[in-house]
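Structural characterization, general
Each chain, written out:
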Amino acid sequence: MAEPDIVQDPEHGAPEDALLLPVTEEHPNSDRCQTLRKLSHIRLYKKRWFILIVVCLLNSSNAMIIIGSWLNMTGSIVRSASEINFLNSGRSNLIYLFVGQSICAVAQPLVLFVPAKLAAVWFPEHQRATANMIASMSNPFGIFLANLLSPVIASQEKYIPLLHGVYGIPAVIACILATAGVNEKAPLTPPSISAVNSATEPFFTGLKQLMKNRAYIILMICFGSGLGIFTAFSAFLEQILCFNGYSNFIAGLCGALFIVFGAIGALLCGLYVDRTKKFTEVVKICFALTSLTVIAFAVASNLKNIAPLLVVICSLIGFFGFAIYPIAMELAVECSYPVGEGSSTGLAFISGQVQGLIFMVVFQSLTKPYAVSPLSSCGMNQTEIYDWSMATLVMAGICSIGACIFIIFFHTDYKRLKAEAGTEEERPEDALVQE
């Protein structure tokens with residue numbers, strides 16, 4: 001049997017006692033032999049945590065790493081220009097504001113599609129769900145910080161320029177870190193077996209495969225409905241609660257705890273899934289519990305003087321609902337492998353954005369206008385307020401239908417894990433090198 005060659009890592013030097021598989025029984029240029037050569041030396045790089053931090057900064061400031069970072073920073077700077085006096089004449093400040101916000105919006109898809117790809121390419125299989133969770137939850141965490149800091153910093157109109165400057169800081173830092181430190185799309189040596197063949201499918205070929213994948217279509221539609229419900233819930237929470245006299249403080253507290261407990265739920269479920277690989281079970285349980293809590297909110301939000309109960313319900317919606325997001329992204333990759341992670345997760349996210357837009361239009365059309373009541377807290381200068389009782393019940397119904405469809409009809413094999421397990425048997429046990 002021929003002696004195996006030793007592969008030199010041009011960036012990190014010689015591997016640490018890494019073994020290569022001798023391949024003599026097949027033609028040396030066969031696809032299997034070439035794949036086994038790549039798998040024979042698997043390395044974990046500390047740099048994966050640096051790239052994760054950059055993605056988190058981008059996600060939090062924005063609520064493809066380098067293009068997105070430049071677009072995000074440019075948009076933040078242009079947006080801040082709306083507060084510079086000598087640049088503004090007439091309504092030009094609104095032009096700067098809209099142009100800057102539009103540039104940031106263009107950057108958003110490039111940033112939000114990154115977590116699953118980052119986790120697949122840079123992290124080993126026992127850390128993928130956790131990495132995806134951290135990168136994904138940084139976006140709602142950025143929204144939480146914005147809601148927390150805005151009233152504190154901009155307590156008066158004269159402090160709005162300072163507010164724009166503060167919000168531009170994460171975008172600038174992320175751009176600098178991404179440009180200076182993220183100089184490769186993947187590590188020289190893969191951290192896992194599936195990372196070797198990550199995103200090898202052409203985009204349109206992968207898209208065709210996704211449209212023929214029954215499990216993926218169910219996941220895309222049901223996850224998209226859940227994401228759309230959460231988008232509408234976050235946008236309309238204050239309007240829903242003020243009709244029955246709940247103050248902006250209560251609405252803000254519900255929104256803040258919605259995100260905080262969501263991050264806790266995502267963290268706990270992400271760590272659990274990394275250890276157990278029970279993607280489907282966790283998503284189904286969380287989906288069912290989320291629908292129950294949304295039903296509870298639809299009932300409780302139409303009652304008066306139960307603020308503590310509403311706070312608890314919103315916290316539970318966040319805890320169970322946000323836990324679905326990163327794990328569903330990993331599940332989308334598992335059920336559609338070997339389609340690229342960007343395609344499978346991106347299409348599911350787009351489904352959520354489209355459904356969110358539809359839901360927001362539908363829910364608003366279901367509201368009923370009423371004359372301003374002394375019991376309402378919806379604002380002093382409004383001529384009418386809106387009853388959201390029908391809209392919240394429809395919201396709960398859609399969430400429940402989506403949960404039932406997913407729980408009953410979604411079944412899949414974990415194709416990526418299965419492929420890794422099959423190749424793992426042919427790889428030396430000590431071929432993994434960790435920095």
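What you are looking at is a predicted structure, and each value in this text was computed from that prediction instead of being measured.

Observations concerning unusual backbone geometry
Omega for the peptide link from Tyr337 to Pro338 comes to 15°, which places this bond in the cis form. Along the chain, Pro338 falls in the loop between helix 12 (307–336) and helix 13 (341–365). Phi angles above zero are rare outside glycine, and Lys277 is one such case at about 65°.

Topic: a nonpolar patch on the surface
On the surface, Ile285, Leu289, Leu292, Ile295, Val299 and Leu303 cluster together to form a nonpolar patch covering roughly 510 Å² of accessible area. Summarising the element assignment, Leu289 is placed in helix 11 (residues 279–300).

Details of the pattern of salt bridges
Pairing between side chains becomes possible if they bear opposite charge and their charged atoms approach one another. Counted under the stated rule, the structure contains three salt bridges. Here Glu334 makes a salt bridge to Arg416, at a shortest N to O gap of 3.1 Å. Of the two residues, Glu334 sits in helix 12 while Arg416 sits in helix 15 (residues 415–424), which places them 82 residues apart along the sequence. The same class applies to Glu334 as to Arg416, namely buried. Here Lys418 and Asp413 are joined by a salt bridge, their closest N and O atoms 3.6 Å apart. Judged by its relative accessible area of 52%, Lys418 is exposed. Relative accessible area serves as the criterion here: at 48%, Asp413 is assigned to the partly exposed category. Salt bridges linked by common partners bring Glu330, Glu334 and Arg416 together as one network.

The rules behind each value
- Residues numbered from 1 in each chain as written.
- Predicted model: local features only at pLDDT ≥ 70, side-chain atom pairs only at ≥ 80, totals over all residues.
- Heavy atoms only, no water.
- Helix = DSSP H or I, 4+ residues; strand = E, 2+ residues; numbered from the N terminus.
- Patch = residues over 30% accessible without salt bridge, like charges linked within 9 Å, V, L, I, M, F, W, Y side chains within 5 Å.
- Areas by Shrake-Rupley, 256 points an atom, 1.4 Å probe, with all protein chains shown as cover.
- Salt bridge = Lys/Arg side-chain N within 4 Å of Asp/Glu carboxyl O.
- Buried < 20%, exposed > 50% of the residue type's maximum accessible area, 1.4 Å probe, protein only.

All we've got here are geometric facts, nothing functional implied.
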